[in-house]
Amino acid sequence: MTVLSLRAPGPWQAIQVWADRALLTPRTAVTSQVLGVAAAVVTPLPGGHTAGRAREARWDAMEYDEKLARFRQAHLNPFNKQSGPRQHEQGPGEEAPDITPEEALPELPPGEPEFRCPERVMDLGLSEDHFSRPVGLFLASDVQQLRQAIEECKQVILELPEQSEKQKDAVVRLIHLRLKLQELKDPNEDEPNIRVLLEHRFYKEKSKSVKQTCDKCNTIIWGLIQTWYTCTGCYYRCHSKCLNLISKPCVSSKVSHQAEYELNICPETGLDSQDYRCAECRAPISLRGVPSEARQCDYTGQYYCSHCHWNDLAVIPARVVHNWDFEPRKVSRCSMRYLALMVSRPVLRLREINPLLFNYVEELVEIRKLRQDILLMKPYFITCREAMEARLLLQLQDRQHFVENDEMYSVQDLLDVHAGRLGCSLTEIHTLFAKHIKLDCERCQAKGFVCELCREGDVLFPFDSHTSVCTDCSAVFHRDCYYDNSTTCPKCARLSLRKQSLFQEPGPDVEA
């Protein structure tokens, strides 16, 4: 930085060097000092003392220059990356001289104090870039910019190392961007809450934290950043983008129209009958796994691809009914949903399908006897006001077919029989019903019977274990009395006599 451009020899060179090195001195102070020195040099003095005063001004300027250099050496400029005095400006073809800081400073005259101190690095945070945009910071104000920022963030996630902290931070940023996009989207663009497709009735899910898997593309559904739907009939789950790709109708319609099981054990027909294609999506399959692995469903006997068959396990009804086998086996996704919807439906008539099963499984005999007793208790509850107010029949609300007949069973009933749960729960309900009829309710007690054969003993009820019931008139007797008596039922004989007397007696109009 040259303040004056005078051509005077000698002193002006010292002034220029001093001005170039005075970096820490304010510009106005440097200019005033230089002008003062220049005035002292060029101002003529009376008596011819101009040359002597010029020499004194030169030595004063050089002394000040040396002190300033020592000051700069002790107090480094933090904004200067180089340590040491400022280097002289170079020409385009000149090379920078290799001068150390000690060589650049002039020698101090004897007696002058030394202000040098060891160089020290001043950490003011200048190594960081405080003005560049942070990674992943997207200043998006509209939907279009947010979408572009989301795509950039996705690309960053793919480029970062797997399971690294930076990748996790990028995923968090992506989630926030998707949430922001959902907030800024036009309400007219929001997807509908209900979608009806191939008899599926899809409802848009509100849950954001539940981790699910799409039944169509077999990928994870990220509830925080993705819209997904669930069918209320078959519980089919999928992304919103996969809805239009669904090709299989809802299995709940099949359950409603044709609720029956395949009772043949694994009815396999072979891959050739399927043209070597998946039974659901018709994708090419083979047992060798090329182009896709063929997986057999143990319920239907058909083969499916890996997208339609996830190796889910389920109990096969045909194996239960015929073999009393409850081992889960691999089934397709469609069969899994169908079996899940059918598990509580009473569609199995065991006496017709496999009557020998009651001889093999003793628990089924006990269950059948308890169900028969409950059917005999039902008329008492229907005509009893206290029983209706207490809603005793609701004890069997999960198994309503138990109060309708004793022949139909569901797969869930057979599972509970095998596990021992159904016998215990049904015994407790039977005890509760019998207690109300025989002990708690006087009206129900008044509907009891007295054995007309022996006319002894307590009041009898048709569900007692030591009684027998007449199939014609529903009269109740002691079992021993009923089978030992060779005559007909006394109540049946009395009713027949009453009917005969009504037909034989002439009416009053006939006699007149």
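Reading the values: rules and limits
- Residues numbered from 1 in each chain as written.
- Predicted model: local features only at pLDDT ≥ 70, side-chain atom pairs only at ≥ 80, totals over all residues.
- Heavy atoms only, no water.
- UniProt positions renumbered as here; feature names shortened; annotations may be inferred.
- Core = buried A, V, L, I, M, F, W, Y, C linked by side-chain atoms within 4.5 Å.
- Buried < 20%, exposed > 50% of the residue type's maximum accessible area, 1.4 Å probe, protein only.
- Helix = DSSP H or I, 4+ residues; strand = E, 2+ residues; numbered from the N terminus.
- Contact = heavy atoms within 4.5 Å.
- Polar contact = N/O pair within 3.5 Å; in protein donor to acceptor, adjacent residues only side chain to side chain.
- Axes fitted to C-alpha atoms, helices over the stretch in contact; angles between N-to-C directions.
- Parallel < 35°, antiparallel > 145°, perpendicular 65-115°, else oblique.
- Left-handed = near helix turned anticlockwise from the far one by under 90°.
- Nonpolar A, V, L, I, M, F, W, Y, C, P; charged D, E, K, R; others polar.

As recorded in an unreviewed UniProt entry, the chain goes by the name Differentially expressed in FDCP 8 homolog, listed as coming from Papio anubis. Under the Function (unreviewed entry) heading, UniProt states for the chain: "Positively regulates lysosome peripheral distribution and ruffled border formation in osteoclasts. Involved in bone resorption."

Trainee: Any details on the nonpolar core? Residues and values, ideally.
Mentor: Ranked by size, the top nonpolar core spans 55 residues in total, and within it Trp 324, Leu 350, Leu 364 and Leu 414 carry the most contacts. Secondary-structure elements contributing two or more residues to this core are strand 8 (303–304), helix 8 (317–323), helix 9 (333–342), helix 11 (357–360), helix 12 (362–382), helix 14 (411–419) and helix 15 (421–440). The residues contacting Trp 324, other than those within four sequence positions of it, are Arg 319, Leu 357, Tyr 360, Val 361, Leu 364, Leu 414, Val 417 and His 418. In terms of nonpolar packing, the next biggest core, distinct from the first, is built from 15 residues, Trp 228, Cys 238, Ile 246 and Val 251 among them.

Trainee: Can you break down the side chain of Asp 215 residue by residue, with the values?
Mentor: Mapped onto the fold, Asp 215 is located in the loop between strand 3 (212–213) and strand 4 (220–221). By relative accessible area, Asp 215 is classed as buried at 8%. Among the polar contacts made by the side chain of Asp 215, one reaches the side chain of Arg 333 at a distance of 2.7 Å. Aside from chain neighbours lying at most four places away, what touches Asp 215 is Tyr 235, Tyr 236, Arg 237, His 307, Trp 310, Arg 333 and Arg 337.

Trainee: Tell me what's going on with the packing of helix 12 against helix 15, and back it up with residues and numbers.
Mentor: In contact at an axis separation of 10 Å, helix 12 and helix 15 are set at 30° when each is read in the N-to-C sense. The angle between helix 12 and helix 15 falls in the class roughly parallel. The two elements helix 12 and helix 15 cross, and the hand of that crossing is left-handed. Counting all contacts with helix 12, which are made through Ile 367, Leu 370, Arg 371, Asp 373, Ile 374, Met 377, Tyr 380 and Phe 381, the residues of helix 15 involved are Leu 422, Gly 423, Leu 426, Thr 427, His 430, Phe 433, Ala 434, His 436 and Ile 437. For the contact of helix 12 with helix 15, a count of residues per class yields eleven nonpolar, four polar and two charged.

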